[in-house]
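Chains, contacts and geometry: an overview
So the chains spell out like this:
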Amino acid sequence: MEKELKQFIDKIEGLDVVAMEEAESRQEQLAKPTGALGVLEELSIQLAGITGNVKNKMDKQAIVVMSADNGVVEEGVASAPQSVTYSQTINFTRGLTGVGSLAKYYDIDLLVVDCGVKMNLPKDLLVASPVENGELTKKIVDRRMAPGTNNLAVEPAMIREQAIASIITGIECAKAIKYTGHDIFGVGEMGIGNTTTSACILSALTGASGNEVVGRGGGLNDAGLMKKIDIVNRASQRAVMESEDVIDILAQVGGFDICAMVGAYLGAAVYKIPVVIDGYISAVAALAATKIEPKCKAYMIGSHESTEPGYLIAMKYLGLTPLFNLKMRLGEGSGCPISFKIVEAACATMNLMATFEEGAIDADYLEEGKEGNFF
C-alpha cells in the first residue's frame, strides 16, 4: 500500500500557469476596475489553473462524507453517543441531515462512505463501489477499516497500514467524483469524537497547545472540556515523540474519517478537480494533506469560518482564507453547498461579463483608477 500511495502522490502537479495568466489577462480586460470583484476574480484564476481552461462551469457538484467512530469517546470527551454516527450516516442517504437538506435543495450529489462506523450499518444500504450505472451511488460505500479506532488516549488509534488504506479510500472517492463528470466537490465527515482527533492532529502538526485547538465540539461541559484538553496535550506530544511523519501522526491520534478526508484532498490534486474545505475537521485534514504533498493546496478552496477555536489556526498554517462566516459549526460538509454558489458566481463573471472592447466601452476613465482611486 505504501507503494500505491506514493504512485498517486507522484502524479500530483502544480497548476497550469499559462491558463492562469490568460485568465488574469481576461479579468484585466473585463468592463470593471481591475480587482473590483475581489475574491471572485481570484477564484476564477485559480479554477483556470486547475482545469487548464479560462472559462469554466462548476455546475455538477458533489460532497463526499466520511463516517467513522473514535475510541477516544471512552474518555468522556464527547457530548453525544456514538449511535449518532450510525443514525446520521444512514440519514445522509435520505437527505435528512444538515448537509443532506442543503444538497437536496441545490441538487448536489452526496457520496457517503463508511470508513469505520462502530455499529454495523444495514447491509441493504452498503455497496462495494462508489459508482453505480455511471453515477455516484446513492447508498453507503463500504470501506470499513474496523468498528471505530482504538482509544488514542492510551494507545495508537490505528496501525499505519490502516491509515494508508483509509487515505487511498479518499483518493478512490475523488477518482469516482471525477469519473462521474463532477466539476467540483467538497469534503465532509461524521464521527462522534472527531473534534478530539482533529485537535490532536493539529497540535501535533503545528505545536499549538490543547488550550488553543480544543473546543466544546457538539456541546461539551466544563469538566469534559478540561479532560479533552489534557488528552490532546498528552496524545499529541506522544505522537510527535514517536514520529514526525504525517502518516504516523495520523495513525497515532487520527480517525479513519480524517485519513480518508486527507486522501480526498490528495485525490483532488491527482485528478485535477477543485475541492472545497468545510469546517474545522475538514481544515485539519486539508493541512495534513499539504504536509504529505504541498502541491495539493493549490486545488483547495475555503468555505465558511468555523467557530471551533482551532479552525483559524489550521487555515493560517494552510495559508487559506474562508469565503464567508455564518457562525456555522455543524460539519458534515454543510458549508460546501453555499461555497459552490460563490464559485459559480466567479465562473459567471468570467464567462458572461463583457470586456471593454466587447461592450464598446471607453476605458480611459480608469486610468486614474490604476493609481488606486476607482471612482
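Residues numbered from 1 in each chain as written. Predicted model: local features only at pLDDT ≥ 70, side-chain atom pairs only at ≥ 80, totals over all residues. Heavy atoms only, no water.

Turning next to the nonpolar core. Ranked by internal contacts, the top residues of the largest apolar core, which has 91 residues, are Val 64, Ile 167, Phe 185, Val 262 and Met 300. Examining the composition of this core, we find that 12 residues originate from one element, helix α11 (residues 256-270), more than from any other. Once residues lying within four places of it in the same chain are set aside, the contact partners of Val 262 are Ile 167, Leu 250, Ala 285, Ala 288, Ala 289 and Ile 292. One finds Val 65, Val 117, Met 190 and Val 276 within the second-largest nonpolar core, a separate group that totals 27 residues. (Core = buried A, V, L, I, M, F, W, Y, C linked by side-chain atoms within 4.5 Å. Buried < 20%, exposed > 50% of the residue type's maximum accessible area, 1.4 Å probe, protein only. Helix = DSSP H or I, 4+ residues; strand = E, 2+ residues; numbered from the N terminus. Contact = heavy atoms within 4.5 Å.)

Before going further, it helps to examine helix α5 (residues 98-106). Along α5, the residues classified as buried are Val 99, Gly 100 and Ala 103. Along α5, the residues classed as buried sweep out an arc of 100 degrees about the axis, all on the same side. Seen from the open side of α5, the exposed residues pointing more than 90 degrees away from its buried face are Lys 104 and Tyr 105. Buried-residue contacts for α5 involve β1 (61-68), α4 (83-94) and β2 (109-116). Measuring from the backbone nitrogen of Gly 100 back to the side-chain oxygen at the start of α5 gives 2.9 Å, which picks out Thr 97 as the cap. Of the residues trailing α5, Asp 107 is marked for its positive phi of about 60 degrees. (Arc of directions from axis to C-beta. Polar contact = N/O pair within 3.5 Å; in protein donor to acceptor, adjacent residues only side chain to side chain.)

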